[in-house]
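Okay, here's what each chain looks like letter by letter:
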Amino acid sequence: MDFTTLLLFVPACFALNMAPGPNNLLALNNAQRYGLAAAIMGGLGRLVAFMIMIALVTSGLAVVLLTSQWLFFTVKIMGAGYLFWLAVKLWRAPSIQDEPLIHPTARSSLQLSKQECLLALGNPKAILIFTAFLPQFIDPTAAVMAQSTALGALFLLLELTVICLYAALGAFSKNWLKQRHIQQYFNRLCATFIASLGIAMLMEEKAR
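Now for a look at the structure at hand.

What counts as what
Residues numbered from 1 in each chain as written. Predicted model: local features only at pLDDT ≥ 70, side-chain atom pairs only at ≥ 80, totals over all residues. Heavy atoms only, no water. Helix = DSSP H or I, 4+ residues; strand = E, 2+ residues; numbered from the N terminus. Buried < 20%, exposed > 50% of the residue type's maximum accessible area, 1.4 Å probe, protein only. Areas by Shrake-Rupley, 256 points an atom, 1.4 Å probe, with all protein chains shown as cover. Salt bridge = Lys/Arg side-chain N within 4 Å of Asp/Glu carboxyl O. Contact = heavy atoms within 4.5 Å. Polar contact = N/O pair within 3.5 Å; in protein donor to acceptor, adjacent residues only side chain to side chain. Patch = residues over 30% accessible without salt bridge, like charges linked within 9 Å, V, L, I, M, F, W, Y side chains within 5 Å. Phe/Tyr/Trp six-rings, centres within 6.5 Å; stacked < 30°, edge-to-face > 60°. Core = buried A, V, L, I, M, F, W, Y, C linked by side-chain atoms within 4.5 Å.

Remarks on the overall build of the protein chain
Argument step 1. What the protein chain contains, in helices and strands, is nine helices and zero strands.
Argument step 2. From first element to last, N terminus to C terminus, the protein chain shows the α and β order α-α-α-α-α-α-α-α-α.
Argument step 3. Burial analysis of the protein chain (208 residues in total) assigns 43% to the buried set.
Argument step 4. Working note: accessible area of the protein chain is about 11100 Å², and carbon and sulfur atoms make up 73% of it.

Rendered as structure tokens:
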């Protein structure tokens with residue numbers, strides 16, 4: 001893989017990772033509620049989901065998902081349903097003043113990781129992104145598997161950076177979201193945005 005390809009891939013990939021999707025919004029909210037470390041640990045679950053997707057793309061199994069109408073539809077319905085469920089939880093979440101500070105434990109970190117993982121796995125757009133985005137930077141005349149692995153690893157590294165950035169923003173926002181009504185507006189804004197993503201997911205047609 002030449003250096004020019006990396007110069008194109010890194011900024012494009014970082015811009016893609018920085019998009020305010022449901023996982024980034026969840027990391028922001030988790031950091032605001034549970035702290036920086038807990039949100040970053042939770043974000044690791046997202047990386048697990050993305051590793052699975054990269055493996056599917058590399059092995060060619062993603063083609064089966066994209067060409068199977070019923071499988072794509074099933075994943076889309078499950079993903080949208082999870083987004084709506086998460087939106088309801090955020091909408092009804094109490095403010096920090098109404099509950100004790102939650103210190104991250106092994107169990108709570110695992111729960112946040114599972115939440116992020118399920119949210120990423122339930123989004124068929126993610127597998128579409130990997131299928132359409134990564135191959136653009138792969139030279140078919142060279143070792144495809146090695147290139148896919150290298151680009152996938154770099155994607156995950158950039159994604160981890162974005163997780164940390166969103167988590168830091170969420171942790172910082174806790175300092176000025178101390179008023180109960182402001183924090184409630186923040187939670188409901190997150191919930192509304194996540195629900196709108198679920199609606200958009202349901203309305204989206206399978207890529208052809």
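Focus: the pattern of salt bridges
Argument step 1. Under the definition given, this model contains two salt bridges.
Argument step 2. Here Glu116 and Arg46 are joined by a salt bridge, their closest N and O atoms 3.0 Å apart. Of the two residues, Glu116 sits in helix H6 (residues 106–121) while Arg46 sits in helix H3 (residues 36–59), which places them 70 residues apart along the sequence. Side by side, Glu116 and Arg46 carry an identical accessibility label, which is buried.
Argument step 3. Shared partners join several salt bridges into a network, and the residues in it are Arg46, Glu116 and Glu159.

Brief notes about the side chain of Asn30
Argument step 1. Tracing the backbone shows Asn30 in helix H2 (residues 22–34).
Argument step 2. Exposure remark for Asn30: the relative accessible area of 3% places this residue in the buried category.
Argument step 3. Excluding anything up to four places from it in sequence, Asn30 contacts Gly35, Ala39, Leu112 and Gln115.

Regarding the environment of Thr161
Argument step 1. Summarising the element assignment, Thr161 is placed in helix H8 (residues 144–173).
Argument step 2. Each C-alpha atom, one on Thr161 and one on Asn17, is 9.1 Å from the other, the two residues being 144 residues apart in sequence.
Argument step 3. Among the polar contacts listed, one links the side chain of Thr161 to the backbone oxygen of Leu157, at a separation of 3.1 Å.

Here we look at a nonpolar patch on the surface
Argument step 1. Taken together, the side chains of Phe73, Ile77, Ile199, Leu202 and Met203 make up a nonpolar region of the molecular surface, amounting to roughly 500 Å² of accessible area.
Argument step 2. Of all elements in the fold, only helix H5 (69–92) and helix H9 (180–203) reach the threshold of two or more residues within the nonpolar patch.
Argument step 3. Take the nonpolar patch: its biggest share by element is three residues, from H9.
Argument step 4. When you line up the elements, Ile77 lands in helix H5.

Re the side chain of Glu159
Argument step 1. By the secondary structure assignment, Glu159 is in helix H8.
Argument step 2. Not counting the four nearest positions on each side in its chain, Glu159 is found in contact with Asn17, Asn24, Arg46, Leu47 and Phe50.

Regarding the packing of aromatic side chains
Argument step 1. Within this structure, the stated rule accounts for one aromatic pair.
Argument step 2. With a centroid separation of 6.0 Å and an interplanar angle of 75°, the aromatic rings of Phe50 and Phe155 are classed as edge-to-face. In this pair, Phe50 sits in helix H3 while Phe155 sits in helix H8, placing the two residues 105 residues apart along the sequence. One exposure class covers both Phe50 and Phe155, and it is buried.

A few points about the nonpolar core
Argument step 1. Ranked by internal contacts, the top residues of the largest apolar core, which has 22 residues, are Phe9, Phe50, Phe130 and Leu134.
Argument step 2. Elements that contribute at least two residues to this core include exactly helix H1 (3–18), H3, H6, helix H7 (124–133) and H8.
Argument step 3. Top contributing element to this core by residue count: H3, with six residues.
Argument step 4. Excluding residues within four positions of it along the chain, Phe50 makes contact with Ala120, Ala126, Phe130, Phe155, Leu156 and Glu159.
Argument step 5. Listed in part, the 16 residues of the second largest apolar core include Leu28, Val162, Tyr166 and Cys190.

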